[in-house]
Amino acid sequence: MVFSLVVLVVLVVLVAVVGKVIVSQRARERRSLLETELWRRLAPREQLVVKGDEPSAELAAVLDGAGGGDWRAVAKYLAEAEAGADSGADSRANRRWMRMEPLSTAASKEDHWLRRWREEEPRDAAAALLQTDALVQLAWEIRTGRYASEVTREQARGFHRVLGEAEQAAREAVELAPAEDPNPWVAQIAIAMGLGRSNEDFRQLWAEVTARDPHHLRAHEGALQYWCAKWHGSNELMHAFVDAALADAPAGSLLTSLRVRALFEQYTRDSAGAAAYRTPEFTAAVDALLADLEQADPAHPQLQAARGWAAWSLVMNARVAHAFEMFEVMGREVAGPWSAYEDPQTAFHRMRTIAVDAIARATV
């Protein structure tokens, strides 16, 4: 009798264990199938490319021409950014600046074509501005993006020397450009930050920028770095700057990305934990950026970067399903916070993996 009861108990236990194993196995299979389906909707890891690494056919042709000494193709390409009226959300000046950046990068590495342009057209404002920004990019390349304590004395000397040259070039760019053009002043933001200009000096510079273009996104991105605590500001000054920028920002300007970036700077510096990214403050910042993205011009030059910040923020904000949708929209082009990583594609793919895993766990 007792033996039979023991056998019965053992059989019940075995059935329960086997049942759990079967259920667990089926759950794993369903989860695996769901993960496979989710990954089918995203660009494969091996196809990911950092934004800017694969220029458009038009830009690639201009860069090739510049490499062969054809500065006129560069001049024409920059001039085309002036076509059309300001949209309010993205000005011609901002579009022209974004067109110029990859050319500045090219010139910071090899500038024979730019030197030739400056020799043949010494009063050309676009060439003067391009030279200014190329020197700025060269200076920061010398310094590297490391913390000040990790920058060598030789790097620091080279950084300040080249920034000094950029500052002289910027003065000439201001003189040659139309009075209403903000970009020669925008070029000085990184110079002021690198040379440690005072807050008052920077405010005067900023007044020159905003008097000409109050919603220049690239200018605001640079100024945010000046005002953050790791450079020449503080959390309070940084957030006050963002408040002012967003006070009258037009819908679709993508200036709302500044709030997310500012909170990222603050939380990173303060070593804040995951809970900081789930506060009402951060959630509101993400919501504002999402609303702005809905109204942005599909041709906005910083649209992909704003999507990247949104996707990253949504994962941090524990809204993985919405983040996944943003990753789908982004496709294979990596932009946003991951662009600053040593290996952007790997960091981007890791964040997508977090989203996929979280969705699968919650669904199955």
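Counting restarts for each chain, with residues numbered from 1 along the sequence as it is written. This being a predicted model, a pLDDT of at least 70 is required before a residue's local features are given, and a value of 80 or more before pairs of side-chain atoms are given or counted; all residues contribute to the totals for chains, interfaces and linings. Note: side-chain values were computed over all heavy atoms of the structure, leaving out hydrogens and water.

Time to look at the packing of helix H12 (residues 257-269) against helix H13 (residues 280-295). As a rule, the C-alpha atoms of each element are fitted with a line to give its axis, helices using only the stretch in contact, and angles between N-to-C directions run from 0 to 180 degrees. Secondary structure counts use DSSP, requiring at least four H or I residues in a row for a helix and at least two E residues in a row for a strand, with both numbered from the N terminus. Contact geometry for H12 and H13: axes closest at 8 Å, N-to-C directions at 150 degrees. Relative to H13, H12 is oriented roughly antiparallel. In the packing of H12 onto H13, the handedness of the crossing is left-handed. The segment H12 lies against H13, with Ser 257, Arg 259, Val 260, Leu 263 and Tyr 267 engaging Glu 281, Phe 282, Ala 285, Val 286 and Leu 289. Each residue is assigned to one class: nonpolar for Ala, Val, Leu, Ile, Met, Phe, Trp, Tyr, Cys and Pro, charged for Asp, Glu, Lys and Arg, and polar for all the others, Gly among them. Classifying every residue of the contact of H12 with H13 gives seven nonpolar, one polar and two charged. Oblique is the label for any angle not covered by the other classes, which are roughly parallel (under 35 degrees), roughly antiparallel (over 145) and roughly perpendicular (65 to 115). Crossings are assigned a handedness: left-handed for a near helix turned anticlockwise from the far helix by less than a right angle, right-handed for a clockwise turn. Contacts between residues were defined by any pair of non-hydrogen atoms, one from each residue, lying within 4.5 Å.

For the chain, mean pLDDT is 91; residues scoring 70 or higher make up 90% of the total. Low pLDDT, under 50, characterises residues 7-15; the predicted model gives this stretch zero contacts beyond four residues in sequence or across chains. Per-residue confidence from the predictor is reported as pLDDT, which spans 0 to 100.

A helix is expected to span 1.5 Å multiplied by its residue count minus one. The end-to-end C-alpha distance of helix H9 (residues 199-212), which contains 14 residues, comes to 20 Å, matching closely the 20 Å that a straight helix rising 1.5 Å per residue would cover. All of the buried residues along H9 are Phe 202, Leu 205, Trp 206 and Val 209. For H9, the angular spread of the buried residues around the axis is 100 degrees, confining them to a single face. Residue burial is assigned from relative accessible area. The probe radius is 1.4 Å, only protein chains are included, and a residue is buried under 20% of its type maximum, exposed over 50%, and partly exposed in between. Taking the helix axis as origin, the arc is that swept by the directions to the C-beta atoms.

The next thing to look at is the side chain of Arg 259. Summarising the element assignment, Arg 259 is placed in helix H12. Under the relative-accessibility criterion, Arg 259 is labelled buried at 19%. Not counting chain neighbours up to four residues away, the residues in contact with Arg 259 comprise His 239, Val 242, Asp 243, Leu 246 and Ala 285.

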